[in-house]
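Breakdown of the fold
What follows is the residue order along each chain.
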Amino acid sequence: PVSGGASRHDLRVRQVALDDLIPWERNPRRNEEAAKRLAKTIASQGWTNPILAQASSRRIVAGHTRALAARILGLVEVPVIFLDVDDRQADAIALADNRLGELAEWDDDGLAALLAELAADEVDLDVLGWDDDDLAALLGDETPTGTDPGPGALPAEPESRPGEVYELGPHR
């Protein structure tokens, strides 16, 4: 039994030969495109998240994209945490690891602000996982979030006529 958030797993990271790990045959995720992007990130930033593998079989539980990225980079060893779990537990952990990350939502304004700050500091945004179209959509508006751009240009001729009354909205 686990209480108070304590881990039931030995979370020590070990360097393991990539060829000693076995991909999960039933992995329902397609990771090829994500692995290409992640390879750029690993090359730029190094490893920040180890692969999880079942201790008894060396089957990858979580980290198929990381393993594919390592292959793209020609790496021989990768960081791994081995979990002492049975096959059903490994399946459940694998599915939860992927699905729970999908449930999180982005604060687009906050994300755009962070990306703009990173870009201003000359951080290579290409290694963060967004493609050029995604970045353009997030950063394309030059108006800072939360500011009023104003009324724009005034017309050359007024649109009002003497004697007309205009109601601008609910009052009192």
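Residues numbered from 1 in each chain as written. Predicted model: local features only at pLDDT ≥ 70, side-chain atom pairs only at ≥ 80, totals over all residues. Heavy atoms only, no water.

With that settled, the discussion passes to helix H2 (residues 64–73). Along H2, the residues that are buried comprise His64, Arg66, Ala67, Ala69 and Ala70. Lining the buried residues of H2 we find helix H1 (32–45), strand E2 (51–54), strand E3 (60–62) and strand E4 (77–83). Positive backbone phi, at 75 degrees, marks Gly74, one or two positions downstream of H2. (Buried < 20%, exposed > 50% of the residue type's maximum accessible area, 1.4 Å probe, protein only. Helix = DSSP H or I, 4+ residues; strand = E, 2+ residues; numbered from the N terminus. Contact = heavy atoms within 4.5 Å.)

On inspection of all chains with the given rule, the structure shows ten salt bridges. Its salt-bridge partner being Asp19, residue Arg71 comes within 3.0 Å of it at the nearest N-O pair. Of the two residues, Arg71 is situated in helix H2 and Asp19 in the loop between strand E1 (14–17) and H1; the sequence distance between them amounts to 52 residues. When its relative accessible area of 63% is taken as the criterion, Asp19 is described as exposed. By sharing partners, the salt bridges in this structure join Asp10, Arg12 and Arg14 into a single network. (Salt bridge = Lys/Arg side-chain N within 4 Å of Asp/Glu carboxyl O.)

With that settled, the discussion passes to the nonpolar core. Judged by nonpolar contacts, Val16, Leu18, Leu21, Ile51, Ala53, Ile60, Ala67, Ala70, Val78, Val80 and Phe82 together constitute the single largest core of eleven residues. Elements supplying a minimum of two residues to this core: E2, H2 and E4. Here the element with the most residues in this core is E4; it accounts for three residues. In contact with Ala67, other than residues within four places in its own chain, are Leu18, Ile51 and Ile60. If you look at the next biggest cluster of nonpolar residues, it comprises nine residues, including Leu52, Val61, Ala62 and Leu83. (Core = buried A, V, L, I, M, F, W, Y, C linked by side-chain atoms within 4.5 Å.)

On to the confidence of the model for the protein. Looking at the protein, pLDDT values average 85 and 85% of them are 70 or higher. Between the elements of the protein, mean pLDDT differs from a low of 88, seen in helix H5 (residues 132–139), to a high of 98, seen in E1. In the predicted structure, residues 142–147 sits below a pLDDT of 50 and forms one contact with residues beyond four places in sequence or in another chain. (pLDDT = per-residue confidence, 0-100.)

Tracing the chain through its elements places Gln54 in strand E2. Gln54 sits in the buried class, given a relative accessible area of 1%. Of note is the side chain of Gln54, whose polar atom sits 2.6 Å from the side chain of Ser57. With residues near it in sequence (within four places) discarded, Gln54 still touches Arg59, Val61, Phe82, Leu83, Val85, Asp86, Asp87 and Ala90. (Polar contact = N/O pair within 3.5 Å; in protein donor to acceptor, adjacent residues only side chain to side chain.)

Turning our eyes to something else, we now look at the sheet that holds E1. Across the sheet, four strands lie side by side as E1-E4-E2-E3; this open sheet has mixed pairing. Looking at strand neighbours, the two that pair on one side only are E1 and E3, the edges of this open sheet. Geometrically, the sheet is characterised by an average inter-axis angle of 55 degrees between neighbouring strands, direction not taken into account. Across four bridges, E2 lies against E4 in parallel orientation. In the strand pairing of E4, Gln54 is matched with Leu83. (Pairing = 2+ DSSP bridges. Axes fitted to C-alpha atoms, helices over the stretch in contact; angles between N-to-C directions.)

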